[in-house]
Number of protein chains: 2
Amino acid sequence: MALSKTEEQLMQHLWKLERAFMKDLLEAFPEPKPATTTVATLLKRMSDKGYVGFKKYGSVREYYPLVKKEAYFSKHLSGLIKGYFDNSPAQFASFFTKETDLSPQELEELKAIIEGEIKSKKK
Amino acid sequence: MALSKTEEQLMQHLWKLERAFMKDLLEAFPEPKPATTTVATLLKRMSDKGYVGFKKYGSVREYYPLVKKEAYFSKHLSGLIKGYFDNSPAQFASFFTKETDLSPQELEELKAIIEGEIKSKKK
DNA sequence: GAAAGTGTTCTACAAATGTAGAAGTAAATT
DNA sequence: AATTTACTTCTACATTTGTAGAACACTTTC
């Protein structure tokens, strides 16, 4: 099952922190911070959905992600590409490159990456 | 306000069709098709949210999108990039290029696009 | 060891979402 | 004109989501 928008936000914090206690997560939120119980509920649901694990220290828990950000994001992205670009990553890439405001330097970097990819595919 | 997952799907059909009557939309869904009333409800909500317009022909309506797919998608994408790549499109691009399985030809095309962008930025 | 501080579990509830029946209306068909 | 077709509008309801109070439990601190 997928995460909801709010759960995803919390997941972002968790990915950044890698492992975190309730208080670390609360700190990560900007004002106005949600109630502790709110975060607890979200964590419970996320854990039920299999996205979050935890280690108990007494009654307190140290939470950590069970799915990698990259993996989660990849799935997200391929969904988007399927939906919006008729499943054509190339078409998506083209759109992205044109629409996003990349600096000349970033473009050069990107070009280098692609050249690297081309080379590695060829070998 | 944003569209929900299901509303987005319907929106996809509408974008593809450009203008559509209820029956066209229903046809666009794969089996098992939703009930007519289900789609009607979604259209109503989407219209309330300002994403869909319609022209009346008697009591029947021809629906059409009020927001361009590109615009909607862009917003989506920048949200993703903000969330997952710390607001760095370049970092995102790099991830995308590595993770997605583009064919050598697609990579060449992409490279060409980027070169074009570099040139146009330089001018 | 009584009081604070932290976090957990339970329970609750409003809003948003997914889905659709019932009933009405307009247009097409017999 | 009566019937069928193709919607639309209204109403309804189960889930999921966003938010959090109340009450309980473990730790730390005076």
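Everything here concerns the structure above.
Scoring rules and cut-offs
- Residues numbered from 1 in each chain as written.
- Chains lettered and ligands numbered in written order.
- Predicted model: local features only at pLDDT ≥ 70, side-chain atom pairs only at ≥ 80, totals over all residues.
- Heavy atoms only, no water.
- Core = buried A, V, L, I, M, F, W, Y, C linked by side-chain atoms within 4.5 Å.
- Buried < 20%, exposed > 50% of the residue type's maximum accessible area, 1.4 Å probe, protein only.
- Contact = heavy atoms within 4.5 Å.
- Phe/Tyr/Trp six-rings, centres within 6.5 Å; stacked < 30°, edge-to-face > 60°.
- Helix = DSSP H or I, 4+ residues; strand = E, 2+ residues; numbered from the N terminus.
- Pairing = 2+ DSSP bridges.
- Axes fitted to C-alpha atoms, helices over the stretch in contact; angles between N-to-C directions.
- Near = heavy atom within 4 Å.
- Polar contact = N/O pair within 3.5 Å; in protein donor to acceptor, adjacent residues only side chain to side chain.
- Nonpolar A, V, L, I, M, F, W, Y, C, P; charged D, E, K, R; others polar.
- Parallel < 35°, antiparallel > 145°, perpendicular 65-115°, else oblique.

Undergrad: Explain the nonpolar core to me, using residue names and the numbers behind them.
TA: Membership of the largest hydrophobic core comes to 68 residues, with the highest contact counts inside it found for F92 of chain A together with F92 of chain B. In this structure F92 of chain A touches L77, I81 and F85 of chain A together with F73, L77, F92 and F96 of chain B, once residues within four positions along its chain are discounted.

Undergrad: How would you summarise the packing of aromatic side chains if you had to cite specific residues and measurements?
TA: Residues and elements named next belong to chain B. Within this structure, the stated rule accounts for 29 aromatic pairs over all chains. On the numbers, 5.9 Å between centres and 55 degrees between planes, the contact of F21 with Y57 is tilted. Taken together, the positions of F21 in strand β1 (residues 20-21) and Y57 in strand β2 (residues 52-57) put the pair 36 residues apart, joining distant regions of the chain. Take F21: its relative accessible area is 27%, and that puts it in the partly exposed class. Judged by its relative accessible area of 41%, Y57 is partly exposed. Between the aromatic rings of F85 and F95, the centroid separation amounts to 5.4 Å while the plane-to-plane angle is 50 degrees, which identifies the pairing as tilted. Placement of F85 in helix α4 (residues 69-85) and of F95 in helix α5 (residues 89-99) is noted, with a sequence separation of ten residues between them. There is no split in this pair, since F85 and F95 are both buried.

Undergrad: Describe the sheet that holds β2 of chain B, listing the residues and the values that go with them.
TA: All names here are of chain B. Taken in spatial order, the three strands of this open sheet run β1-β3-β2, and their pairing is antiparallel. Either end of the sheet is taken by a strand with one partner, and the two such strands are β1 and β2. Two strands pair when backbone bridges link them, and β2 and strand β3 (residues 60-65) are joined in this way by six bridges, in the antiparallel orientation. Residue pairing for β3: G53 is matched across the bridge by Y64. Relative to the sheet, helix α1 (residues 5-17) contacts β1, β2 and β3, its axis offset from that of β3 by approximately 90 degrees.

Undergrad: An account of the protein's contact with DNA strand C is requested, with residue identities and associated values reported.
TA: The environment of DNA strand C is made up of 20 residues, and the closest members are R61 of chain A together with S4, T6, T41 and R45 of chain B. Sugar and phosphate atoms constitute 63% of the interface atoms of DNA strand C, taking the interface as everything within 4 Å of the protein. Between S4 of chain B and DNA strand C, the recorded distance is 2.4 Å, taken from a side-chain N or O atom to a phosphate oxygen. In this structure, R45 of chain B approaches DNA strand C through a side-chain N or O atom, which is 2.9 Å from a base nitrogen. Looking at the surface near DNA strand C, the elements with two or more residues in it are α2 (22-28), α3 (36-48) and β3 (60-65) of chain A together with α3 (36-48) of chain B. Take the surface near DNA strand C: its biggest share by element is four residues, from α3 of chain B. Of the residues that constitute the surface near DNA strand C, the class distribution is six nonpolar, ten polar and four charged.

Undergrad: Explain the packing of helix α5 (residues 89-99) of chain A against helix α6 (residues 104-122) of chain B residue by residue, including any values.
TA: The geometry of α5 of chain A relative to α6 of chain B is characterised by a closest axis approach of 10 Å and an angle of 10 degrees between their N-to-C directions. Our classification of the angle between α5 of chain A and α6 of chain B gives roughly parallel. Facing A90, A93, S94, T97 and K98 of chain A of α5 of chain A, the residues of α6 of chain B in contact are E106, L110, I113, I114 and E117 of chain B. Considered class by class, the residues forming the contact of α5 of chain A with α6 of chain B number five nonpolar, two polar and three charged.

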